[in-house]
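# Residue-level structure breakdown
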Amino acid sequence: NHRYIVDGTMERIHAELDPRRFFRINRQFMVSFPAIRSMAPYSKSRVKLVLTPPTGDDTIVSVERSAEFKDWLDR
């Protein structure tokens, strides 16, 4: 339940992370598989995630990233 301030853009941070372990679901969030507690279908082929620890915000996979996210889960 800690918060860490990280200097850099989401693009730069995402580029530095292992793509097998982390996925950028939208403009605000990158997730790791162990943090996903549950998933549910959402409108327009999107997926809503419940994460551990909770974020306090809706964590929804963007339309543009939904297909790639599903592929990432199958790895």
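The coordinates are above.
Now for a look at the structure at hand. Once a new chain begins, its residue numbering starts again from 1 and follows that chain's sequence as written. Given that this is a predicted model, residues contribute local features only at a pLDDT of at least 70 and side-chain atom pairs are listed and counted only at 80 or more, while totals for whole chains, interfaces and linings are drawn from all residues. For the side-chain quantities, the full set of heavy atoms in the structure was used; hydrogens and water were omitted.

### Quick word on the nonpolar core
In terms of nonpolar packing, the biggest core is built from 11 residues, these being F23, I25, F29, V31, I36, V47, L49, L51, V61, F69 and W72. Secondary structure elements follow DSSP: runs of H or I of four or more residues count as helices, runs of E of two or more count as strands, with numbering from the N terminus. Among the secondary structure elements, those contributing two or more residues to this core are β4 (47-51) and α2 (66-73). For this core, the leading source of residues is β4, giving three residues. Joining through side-chain atoms within 4.5 Å is the link that ties buried Ala, Val, Leu, Ile, Met, Phe, Trp, Tyr and Cys residues into a set, and such a set is a nonpolar core. When accessible area is computed with a 1.4 Å probe and restricted to protein chains, residues below 20% of their type maximum are described as buried, those above 50% as exposed, and intermediate ones as partly exposed.

### Topic: the pattern of salt bridges
Salt bridges are defined as contacts in which a side-chain nitrogen from Lys or Arg sits within 4 Å of a carboxyl oxygen from Asp or Glu. Counted according to the given criterion, the structure contains four salt bridges. Among the ionic pairs, R24 bridges to E11, the shortest N-O distance being 3.5 Å. Of the two residues, R24 sits in strand β1 (residues 22-24) while E11 sits in helix α1 (residues 10-16), which places them 13 residues apart along the sequence. Taking the relative accessible area as the measure of exposure, R24 reaches 10% and is therefore buried. When the shortest N-O distance is used, the salt bridge between R12 and E16 registers 3.0 Å. Taken together, the residues span about one helical turn, with R12 and E16 both in helix α1 at a distance of four residues. The class for R12 is partly exposed, based on a relative accessible area of 41%. Exposure remark for E16: the relative accessible area of 56% places this residue in the exposed category.

### Notes on unusual backbone geometry
The omega torsion of the bond from T52 to P53 falls at -5°, within 30 degrees of zero and hence cis. Summarising the element assignment, P53 is placed in the loop between β4 and β5 (59-61). For K44, which is not a glycine, the phi torsion comes out positive at approximately 55°. Counting through the fold element by element, K44 comes out in the loop between β3 (36-41) and β4.

### Observations concerning the layout of surface pockets
Of the two site types, the cavity is a set of points on a 1 Å grid over the protein atoms alone where a 1.4 Å probe fits but cannot get out, and the pocket is an open set with protein on both sides within 12 Å along at least five of seven lines, each lined by residues with an atom within 4 Å of a point. Grid points are joined across faces, edges and corners, and a volume is the space filled by probe spheres set on the points. Computed from the structure, the largest pocket encloses a volume of approximately 910 Å³. Surrounding the largest pocket, 22 residues form its lining, H2, R3, Y4, F29 and M30 being those nearest its centre. Breaking the lining of the largest pocket down by element, the ones donating at least two residues are α1 and β2 (30-32). With three residues, the top contributor of residues to the lining of the largest pocket is β2. The residue classification treats Ala, Val, Leu, Ile, Met, Phe, Trp, Tyr, Cys and Pro as nonpolar and Asp, Glu, Lys and Arg as charged. All others, Gly included, are polar. Taken together, the residues that form the lining of the largest pocket break down as 14 nonpolar, six polar and two charged.

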